[in-house]
Amino acid sequence: MDAFKDSTRKVNDSATWIVARYRYSIAVSQALVPALHLLEVTLRNAIYGVVKDHVSGCHGVDIADCWLDWSEADTILNHDPKRTVHSQFLRVQAAKRSIQVDGRKLDAGRLIAELNFGFWTGLFAGHYGQRDGVTDPKKLWPDLLPKVFPNLPTTHSTRTILADHFKDIRRLRNRAFHHEVLWRRRPLVDEGLIIKTIGWMDAEVAALASEMSTAKEIQERGVGHYESMVRRFVLTRPGLQSGPAAALLAVSG
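What counts and what doesn't
- Residues numbered from 1 in each chain as written.
- Predicted model: local features only at pLDDT ≥ 70, side-chain atom pairs only at ≥ 80, totals over all residues.
- Heavy atoms only, no water.
- Helix = DSSP H or I, 4+ residues; strand = E, 2+ residues; numbered from the N terminus.
- Buried < 20%, exposed > 50% of the residue type's maximum accessible area, 1.4 Å probe, protein only.
- Contact = heavy atoms within 4.5 Å.
- Areas by Shrake-Rupley, 256 points an atom, 1.4 Å probe, with all protein chains shown as cover.
- pLDDT = per-residue confidence, 0-100.
- Expected span 1.5 Å × (residues − 1).
- Bend = angle between axes of the 7 residues up to and from the residue.
- Arc of directions from axis to C-beta.
- Polar contact = N/O pair within 3.5 Å; in protein donor to acceptor, adjacent residues only side chain to side chain.

*Asks:* Tell me what's going on with the overall build of the chain, and back it up with residues and numbers.
*Replies:* When its secondary structure is counted, the chain shows 10 helices and 0 strands. The secondary structure elements of the chain, listed N-terminal to C-terminal, are α-α-α-α-α-α-α-α-α-α. The burial tally for the chain puts 42% of its 253 residues in the buried class. Restricting the contact set of the chain to residue pairs at least 6 apart, pairs at least 24 apart contribute 61%. Total accessible area on the chain stands at roughly 13700 Å², and carbon and sulfur atoms take up 52% of it.

The following block contains the structure:
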């Protein structure tokens, strides 16, 4: 629980406050999940659909099933066997094996869902962008940006800016999903960034994310609300006021 102590010594570091920060951090994670969920699903569906049309048009082929499983997918995806961590092509192959090992039918829906958020945001890496003055139909950006993000503001209208933008969101997502410390963050600000990004692709989905939001309520409650809850919890359970649990949950002034 050391991560939930205040190193500045400017706030109360009694046991109940430390546990309250832990509970508040969990609440912040919970608040961000709906928007992060909708962002990931919207992003992968938007990229998949736009690239499918792009590949079909550029190569004159009908990719009815899934361009990710296309025999020439390595011409679109980053295929570097020596750098397996960053090879989008090899990530697709691993996802295909995972689906098949589980005995599931390999189809577009399952393959798209099997590929994680890091895969889809990784498609904004430099490998997928056009070089200045060079037209290459195998590259995705910047030509496809207006189709994936029809509401994209001019301040974010380049691949490099979007790559950094999604890197920040991916870090936030990983912190929320991997139980990291979030008690110093403002969930309303973080959620606003996520919902804004959804809106660049689909305004209706962004409105749904806003309607599902609990971030404002949690931020307004603050850590103090959870300290009161911890204090009440301990007072109603005498067994927590002695023994091993006392070191963590004891009510201290």
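*Asks:* Please give an account of the confidence of the model for the chain that cites residues and values.
*Replies:* Model confidence for the chain is summarised by a mean pLDDT of 85, while 85% of its residues fall at 70 or above. Least confident of the elements in the chain is helix α10 (residues 246-249), whose mean pLDDT is 50; most confident is helix α8 (residues 203-211), at 97.

*Asks:* Break down helix α9 (residues 215-235) for me, with residues and values.
*Replies:* Between its first and last C-alpha atoms α9 spans 28 Å; for 21 residues at 1.5 Å apiece the expected length is 30 Å, and the two agree. Maximum bend of α9: about 80°, positioned at G222. Listed as buried for α9 are A215, I218, G222, V223, Y226, E227, V230 and V234.

*Asks:* Can you lay out α8 for me, pointing to particular residues and giving the numbers?
*Replies:* Three or more residues of α8 are buried, namely V205, A206 and A209. Within α8, the buried residues cover an arc of 105° as seen down the axis, which keeps them to one side. Seen from the open side of α8, the exposed residues pointing more than 90 degrees away from its buried face are E204 and E211. Looking at where α8 begins, the residue whose side-chain oxygen comes 2.9 Å from the main-chain nitrogen of E204 is D202.

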